[in-house]
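A look at the structure
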Amino acid sequence: MRLSPSERVFQTVIYVLLALLSFVTLYPFWNSLVISFNLGSDTSLGGVTFWPRSFTLQNYEVVLRDGRIAQAFLVSVARTAAGTALSIMATAIFSYGMSKAELIGRKYYMIFCIVTLYFSGGLIPYFLLIHDLGMMNTFWVLIVPGMISIWNMIIFRTFFKEMPAGLEESARIDGCGYFSTFVRIVLPLSGPVIASLSLFVAVNLWNDWFSATLFINNPKLVPIQSLLQEIMNANTVTEQLRSQGGSNFLDKIFQARTVTTKSLTMATMMVATIPIIAVYPFVQRHFVKGVLVGSLKG
Amino acid sequence: MYRKWLSQYQLLLMSIPFMALLILFTYVPLWGWIMAFQDYSLSKGIAGSPFSGFSHFADLFRDDRFYLVLRNTMVMSGLSLVADFVGAIALALLLNEVRARFFKRTVQTITYIPHFVSWVVMANIVLGSLSPDGGIVNDVLMKLGFIDEPILFMSKGSWFWAIHTMAGFWKELGWSTIIYLAVIAGLNHDLYEAADVDGAGRFQKMWHISIPGLMPTAMLLLILATGNLINTGYESQFLLGNGLNIDYSQVLDLYALDYSFSIGDYSYGVAISVFKSAISILLVVSVNMAARRFGDFKAF
């Protein structure tokens, strides 16, 4: 198709604008990545932008050898894996029940669910509830309270309702109960919706730092994002790592003064970000549908 | 009746336990609202604390700081709402004009990324970029000659709303286009072809077909978002705020938290939460009525 001159100008403007937007979006991450691979002492001279000036793995060595950061990373991994599996399973089962018109009292359950989307008891009563349940400083507080997500329930429910009714009916005629119909017929056909919702749940669990800030003060149970927030807040990464003490390796590095607060924070940040970014392109083609169902059919 | 229960015992087993879990974590805390009408103390608990009627609410409405914090909450969610709304539609329209599929997909993939990054990391990046010592924003502004001295972005409260809005905009812009792109893709192609035949240019097609096509969805989302105006988060304000800009950065939830945990006045903190929920219900109900009038639609 031939383009008229004005069309060509228009197209060029759009491409330039979008390229600029992509650049502005990506640059801060790229720059953080570069700094995490650059010698700390060199970074503090300024001017490190697109490429490491003096490449080093030192920052990562320090971060990965630090017991607290490694522990926090493991807590986050365990929380995300267990929490996602639990939440998706529970929400799927719940939604299947809620997708059946014959369920006794369904209308009332639904009202109960929707109301929670718009208001809550507030942070303090919630805090006291967790406290009274004895969930403070337990791993469970990181995965159980958010297990049932109403948005995800609505998405699942819409998906289940759209399934051809004949499939389930034939299974029922063959003697399957509700539960085995769900496990044998419905679940195997729900791959895409499970994939996209798992991604959303995993992202939320991985990125959540606030609940741990409120409910966890056992250093062994702090997830990586909360630890990063602590580090950022205190901005004393150097002191914190030093106070871990004991390690000759660390002492040597700090004497050499090539690792700085900034370079270590950047490396920690990358450790906290890369896992989730690495997963998302693989699920990208699924999640568009998830977003659409969730935002319109509520 | 009995037979009906029996025939669906599996179905009930599949829903009731989870319903109970939901009620435990969302409705049971409502019990704590009683604290707002008591002089609550941790040692006595809800059962033992003396009642004080509406005194905390009376205090609340006399508290100047409360109005300040309420203003911050509403202004910041309003600004984010408008920025996100306009930005997402504009970006979706631009993306729709791109012919090269690969370029379009790349831009989409890149602009989705910040959505997947935690606020902790985002705040870290924002604070780093705005830092007066070596932050990129100040560096660029100085090099271009707009300013002679670095601007202390985070220590002047008046900057906070703009910074907060931009940070949220940057984080969610790409993600919010998903729905608009899908709506545009679903518009009737005959319309565009007919417009081509009539000699319409790109701008005319955008103005007369794409934008009107987007409007129903856009209005719906806008109305729903208005219902949640007071419910927007506190994470970003918590992370970006500091002692110097607290008059602009503190929002209702953080104020409640602060009152309860730093000062120890739990009842006052809960009174703030109760007030917030009351406003939220009011907003949702009125918005739902507006939505019904607006079209054949119920928010719930």
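Fair warning: this is a prediction, and the values are worked out from it, not measured in the lab.

**With respect to the UniProt feature "transmembrane region" (unreviewed entry) in chain A**
Residues and elements named next belong to chain A.
- Here the UniProt-annotated "transmembrane region" (unreviewed entry) positions come out as residues 12-30, 69-96, 108-127, 139-160, 181-206 and 264-283.
- Annotation note: span residues 108-127, helix share 80%, strand share 0%, distance between end C-alpha atoms 27 Å.
- As annotated, residues 181-206 has a helix share of 85% and a strand share of 0%, and its two end C-alpha atoms lie 33 Å apart.

**Overview of the packing of helix α4 (residues 67-99) of chain A against helix α2 (residues 9-26) of chain B**
- Following both chains from N to C, one finds α4(A) and α2(B) inclined at 125 degrees, their axes separated by 8 Å at the closest point. Classified by the interaxial angle, the pair formed by α4(A) and α2(B) is oblique. Between α4(A) and α2(B) the crossing geometry is left-handed. Here A:Ala90, A:Ile93, A:Phe94, A:Tyr96 and A:Gly97 of α4(A) come into contact with α2(B), specifically with B:Leu11, B:Met14, B:Ser15, B:Phe18 and B:Met19.
- For the contact of α4(A) with α2(B), a count of residues per class yields eight nonpolar, two polar and no charged.

**Concerning the interface of chain A and chain B**
- Facing the 84 residues of chain A at the interface are 89 residues of chain B.
- Buried surface at the junction of chain A and chain B, summed over both partners, amounts to about 7800 Å²; 79% is from carbon and sulfur atoms.
- Contact with chain B buries area across many residues of chain A, yet A:Ile104, A:Tyr118 and A:Ile124 alone supply 10% of it, more than any other trio.
- Here chain A is connected to chain B by zero salt bridges.

**Focus on the packing of aromatic side chains**
- Enumeration over the complete set of coordinates arrives at 41 aromatic pairs over all chains.
- Ring plane angle 55 degrees and centroid distance 6.3 Å describe the contact between A:Phe94 and B:Phe18, whose orientation is recorded as tilted. Here the residue A:Phe94 occupies a position in helix α4, and B:Phe18 occupies one in helix α2, the pair thus bridging two chains. In terms of burial, A:Phe94 and B:Phe18 fall into one category: buried.
- Geometrically, the ring pair formed by A:Phe160 and A:Phe182 is edge-to-face, given 6.1 Å between the ring centres and 85 degrees between the ring planes.

**Concerning the environment of A:Val283**
All names here are of chain A.
- Its place among the elements puts Val 283 in helix α15 (residues 261-296).
- Here the alpha-carbon distance between Val 283 and Gln 225, two residues 58 residues apart in the chain, equals 23 Å.
- Each residue touching Val 283, except ones within four places of it in the same chain, is listed here: Ala 195, Ser 196 and Leu 199.

**Quick notes on the environment of A:Ile274**
- Looking at the secondary structure, you find A:Ile274 in helix α15.
- Considered as a pair, A:Ile274 and A:Asn59 are 215 residues apart in the sequence and their alpha carbons are 16 Å apart.

**A look at the environment of B:Ile125**
- Structurally, the position occupied by B:Ile125 is in helix α7 (residues 119-130).
- On the basis of relative accessibility, which here comes to 5%, the residue B:Ile125 falls in the buried class.
- Residues B:Ile125 and B:Gly135, spaced 10 residues apart in sequence, show a C-alpha to C-alpha distance of 9.8 Å.
- Leaving out residues up to four positions away in the same chain, B:Ile125 has contacts with A:Pro28, A:Phe29, A:Ser32, A:Met269 and B:Trp170.

What counts and what doesn't
- Residues numbered from 1 in each chain as written.
- Chains lettered and ligands numbered in written order.
- Predicted model: local features only at pLDDT ≥ 70, side-chain atom pairs only at ≥ 80, totals over all residues.
- Heavy atoms only, no water.
- UniProt positions renumbered as here; feature names shortened; annotations may be inferred.
- Helix = DSSP H or I, 4+ residues; strand = E, 2+ residues; numbered from the N terminus.
- Axes fitted to C-alpha atoms, helices over the stretch in contact; angles between N-to-C directions.
- Parallel < 35°, antiparallel > 145°, perpendicular 65-115°, else oblique.
- Left-handed = near helix turned anticlockwise from the far one by under 90°.
- Contact = heavy atoms within 4.5 Å.
- Nonpolar A, V, L, I, M, F, W, Y, C, P; charged D, E, K, R; others polar.
- Buried area = accessible area lost by both parts, 1.4 Å probe.
- Salt bridge = Lys/Arg side-chain N within 4 Å of Asp/Glu carboxyl O.
- Phe/Tyr/Trp six-rings, centres within 6.5 Å; stacked < 30°, edge-to-face > 60°.
- Buried < 20%, exposed > 50% of the residue type's maximum accessible area, 1.4 Å probe, protein only.

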